[in-house]
Amino acid sequence: MKIAMIGTGYVGLVSGVCFSDFGHEVVCVDKHEGKIAGLRDGRIPIYEPGLDALLARNVAEGRLSFTTDLAEAVHGADAVFIAVGTPSRRGDGHADLSYVYAAAEEIARSATAPTVVVTKSTVPVGTNREVARILRETRPEFAWGVASNPEFLREGAAIDDFMKPDRVVVGLDADGSDQARQVMGDIYKPLFLRDFPIVYTDLESAEMIKYAANAFLAIKITFINEVAALCEKVGADVKAVSKGIGLDGRIGAKFLHAGPGYGGSCFPKDTNAFAQTGQDFGQRLRLVESTIEVNEAVKARMVDKIAALSGGSLKGKTVTVLGVTFKPNTDDMRDAPALAIVPALQAAGATVRAVDPQGRREGEHLLPGVEWLDDPYVAAEGAHMVALLTEWNQFRALDLKRLAAAMAEPRLADLRNVYGPDEARAAGFLAYDAVGRQGFGAEPAQAQRAVAE
Ligand SMILES: NC(=O)c1ccc[n+]([C@@H]2O[C@H](COP(=O)([O-])OP(=O)(O)OC[C@H]3O[C@@H](n4cnc5c(N)ncnc54)[C@H](O)[C@@H]3O)[C@@H](O)[C@H]2O)c1
């Protein structure tokens, strides 16, 4: 099959590379010239483990290429995928669909023959119908096929997720669905042959599946974060609680790790867009709305915890932050909890240093006033606090004794529950706090004053 992939970001690039690895002929398109020039030279614009080798192999074998010329890519393609961004629209939380509609128009204008247009971007209910309308109005002479094919890959594990998905969802509309179904079936045949389930449904259900899945996961994370706050009050340990409830097959252990709140390029914008869809249709999604609100409070609570651990005030203190990306194994900083927590620490009077294996490039733009270092022990020298925000492997097995010895005041805010109070005490820390567990050495009452000041 010949595939054009419009948008060469996290999703478009991974999907394009993986489709070419299935044996299809793929042309990846992006309007960002620097990105395409880099890709042509073998430089990958994102950090995604394993992507460089897979990309190089498929380029070398002649199945994968890159261009800024959409018309050239669309020419002769059996399917054109739209994988452009759908960020939150400024001000109201709706998904900004302007990139999707612009891509649909460009596809329609440049096509020399009818093809199947597949939306991979996360888009609210009704978007694929609008894409179909744009295509059919712009080029009424063509029998367009339209399909919704939301993507579920996770950054940091994207290739594995794409190659071994829990499911592939394909939404089709009544017009042209036979052709679209055939093309989608052929594209995903390598997965189908290996028994990965493909769910065929209508366009609206496919769009809904993506948002409902992300909202459910955001609710699950937020639920355990609320339980964690109560654990701290009653003397329970959220790690034991997560394990105890996660072993229930009806609940499952995933997404039950308490932490500093969800972030990233999907959950925040998708929960907002989903809540807006509910409001637009007069059917409010109150659980989703509460989740958004609670998640903001979770991030604010982390700042209180750090201030409390710092003896009540952050004025004049140096805080070393380990990890700024929203999770390990990605360089993506979009809506990372660090973007709320770090400025709040600075506003409370702290000087912030940061270490992150991949987040520095973006972090330097997004977090002004932060001093960037590469080594956690060097970054801890003379600091009054280490705050572990992202559990990169490099930060999971720190020599806590060495870390404590380097600091002016050894205090550890372990916001990913990597270590424990006994370990921290034995290493010489004066104060330790985690999320949903019992720490030591914090002074909460003054801390709240310090943050409020
Ligand atoms: N990032 C994820 O983990 C993830 C996972 C699942 C779904 N999604 C969804 O996939 C979509 C894409 O997300 P992303 O993170 O890959 O975005 P991204 O911002 O990394 O990439 C989008 C790319 O599209 C390009 N682009 C925009 N308009 C274009 C046009 N008309 N022609 C050519 N290129 C164009 C941009 O230059 C950019 O490189 C979003 O809807 C997102 O919600 C993302």
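Residues numbered from 1 in each chain as written. Predicted model: local features only at pLDDT ≥ 70, side-chain atom pairs only at ≥ 80, totals over all residues. Heavy atoms only, no water.

**Points about the sheet that holds strand 12 (residues 385-388)**
Across the sheet, which stays open at both edges, the six strands sit in the order 11-10-9-12-13-14 with parallel pairing between neighbours. Lying at the two open borders of the sheet, with one neighbouring strand each, are strand 11 (371-372) and strand 14 (431-433). As defined by bridge partners, strand 13 (residues 411-414) adjoins strand 14 across three bridges and the pair is classed as parallel. Each bridged residue has a counterpart across the sheet, and for R411 the counterpart in strand 14 is A431. (Pairing = 2+ DSSP bridges. Helix = DSSP H or I, 4+ residues; strand = E, 2+ residues; numbered from the N terminus.)

**Some points on the nonpolar core**
Grouped together as the largest cluster of nonpolar side chains are 41 residues, with contacts concentrated most on L13, F19, F66, F81, F162, I187 and Y188. Each residue touching F162, except ones within four places of it in the same chain, is listed here: V14, S15, C18, F19, F22, K120, E151, L153, Y188 and L191. The next biggest cluster of nonpolar side chains, apart from the first, holds 40 residues, and it includes L70, V80, L203 and A218. (Core = buried A, V, L, I, M, F, W, Y, C linked by side-chain atoms within 4.5 Å. Buried < 20%, exposed > 50% of the residue type's maximum accessible area, 1.4 Å probe, protein only. Contact = heavy atoms within 4.5 Å.)

**Digging into unusual backbone geometry**
At D195, a residue that is not glycine, the phi angle is positive and equals roughly 75 degrees. Tracing the chain through its elements places D195 in the loop between helix 9 (189-193) and strand 8 (198-202). You can call D195 exposed: its relative accessible area is 69%. Phi is positive for N417, close to 55 degrees, though the residue is something other than glycine.

**Notes on the domain arrangement of the chain**
Per the domain assignment, the segments of the chain are domain 1 (2-196) and domain 2 (237-453). When each unit is reduced to the centre of its C-alpha atoms, the spacing between domain 1 and domain 2 is 34 Å. Each partner contributes to the interface: domain 1 provides 17 residues, whereas domain 2 provides 18 residues. Of the roughly 1300 Å² buried where domain 1 meets domain 2, counting both sides, 47% is carbon and sulfur surface. (Domains from an automatic or database assignment. Buried area = accessible area lost by both parts, 1.4 Å probe.)

**What about the pairing of strand 9 (residues 318-322)?**
The element strand 9 is extensively covered by neighbouring structure, given that five of its five residues are classed as buried. Note: strand 9 against strand 10 (residues 351-355), five bridges, orientation parallel. Of the residues in strand 10, the one forming a bridge with T320 is R353. As paired elements, strand 9 and strand 12 share four bridges and run parallel to each other. Residue pairing in the sheet places V321 in a bridge with A387 of strand 12.

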